[in-house]
Amino acid sequence: MVILRYAIYRFITMLLTLLVVSVLVFAIINLPPGDYLSNQIAELQASGQSAGVAKAEFLRKEYALDRPLWQQYMIWMGFLPGPHGFSGLIQGNFGWSFEFDRPVSEIVGESLWLTVLVNLAAVLFVYLVALPLGVLAAARSRTWVDYSSAFIGYLGLATPNFLLALIMFYYGHKLFDLPIGGLMDPGFEGLPMSWEKAKSILIHLIVPTFVIGTSGASAMMQRLRANMLDELGKPYVETAIAKGMSPTRMLTKYPLRVAFNPFVADIGNLLPSMVSGSVLVSVVLGLQTIGPSLLTALKTQDLFLSGFILMFVALLTLVGTMISDVLLVLLDPRIRYEGRET
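Reading the values: rules and limits
- Residues numbered from 1 in each chain as written.
- Predicted model: local features only at pLDDT ≥ 70, side-chain atom pairs only at ≥ 80, totals over all residues.
- Heavy atoms only, no water.
- Helix = DSSP H or I, 4+ residues; strand = E, 2+ residues; numbered from the N terminus.
- Buried < 20%, exposed > 50% of the residue type's maximum accessible area, 1.4 Å probe, protein only.
- Contact = heavy atoms within 4.5 Å.
- Areas by Shrake-Rupley, 256 points an atom, 1.4 Å probe, with all protein chains shown as cover.
- Core = buried A, V, L, I, M, F, W, Y, C linked by side-chain atoms within 4.5 Å.

## Observations regarding the overall build of the protein
A tally of regular secondary structure across the protein gives 16 helices and two strands. With respect to the three principal axes, the spread of C-alpha positions in the protein is 85 × 60 × 40 Å. Here the protein holds 342 residues, and 41% of them are scored as buried. For the protein, long-range pairs separated by at least 24 residues make up 70% of all intrachain contacts whose partners lie at least 6 apart in sequence. Entry remark: accessible area of the protein is about 18300 Å², with carbon and sulfur atoms responsible for 67%.

Set out below in structure tokens:
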């Protein structure tokens, strides 16, 4: 019951933080002078296309871009009625993409769940690789196992993701006949989910998961190794061994539990960092994620598209942080939270 109250408290805090983030996101994307429509109007006026100018001016009024900035924000969020009444993010209206001339919901519709799928697969890869290698490197410190793990870790950190993507792009197809680019065969795009489409997605996930997750796994492995070595040097470890506890049981019962805390705390940063870090990988591999759309939206100052994607990344950050906070409380009894009995 206490943990439920804490989870509710963290959820409310997350919503308030997301509200503050929305203000910052809207302010930042409006910092550069002009916007998509203003730039388009200037180009059309220079070329003498009066019909195009009239359409752009109509769109400015249609989406309340002719109003003061604070009103634009309130209408975008759905706190104030716009030209079509209350129709903002909280009502499920993500806005209109001027660059693609389509609703934002249509552009990011399938891309959203594919982005989540790719990054969840990468997170799973990070934990499955970093946990055993980090523990093994610490348990076999200063042996060939430790040195080999360190070499793999440094190699993963030093290799840029886009370069690794190109290497995997070529050798994955040449040696293992893995599909090149995309997250599914082109014939399945736009079709409802089926077993064949799911199988195609799983096969296409192999290369992106490895490429996106490599650097995160390398960093986490090195951090876990360092934490484990710090714990293994403490007196309670020597006491446990002196009392006859087996090294394996001692390792998993005490040092690993303490060293695992940063592992769990990293959930909050891992998801958004992978989304933002996978933009170039998505472009290189032709992945149908929100990465390429974000890149285009920022370059063209597409207000509603870039704003929604940045809010989505912020939501991932806050959800991941909330999950990690709750898990830390469950894993480590030393961590106290508001409302917990002493």
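After that view, the rundown keeps rolling.
## Thoughts on unusual backbone geometry
A positive phi angle, close to 60°, is found at Ala 64, a residue other than glycine. Positionally, Ala 64 belongs in the loop between α3 (50–62) and α4 (69–77). On the basis of relative accessibility, which here comes to 1%, the residue Ala 64 falls in the buried class. Phi at Arg 142 takes a positive value of approximately 60°, unusual for a residue other than glycine. Along the polypeptide, Arg 142 turns up in the loop between α5 (104–139) and α6 (144–158). Taking relative accessible area as the criterion, Arg 142 reaches 70% and is therefore assigned exposed.

## Comments concerning the nonpolar core
Across soluble globular proteins, nonpolar side chains show a tendency to be buried alongside one another. Of all hydrophobic cores here, the largest spans 36 residues; its most connected members are Trp 76 and Val 108. Those elements that place two or more of their residues in this core are α1 (2–29), α2 (36–47), α3, α4, α5, α15 (290–300) and α16 (303–331). The leading source of residues in this core is α16, at 11 residues. Setting aside residues no more than four positions away along its own chain, Val 108 makes contact with Ile 290, Leu 305, Phe 308 and Ile 309. Counting 19 residues, the second largest nonpolar core, distinct from the first, contains Met 220, Ala 259, Ile 267 and Leu 328.

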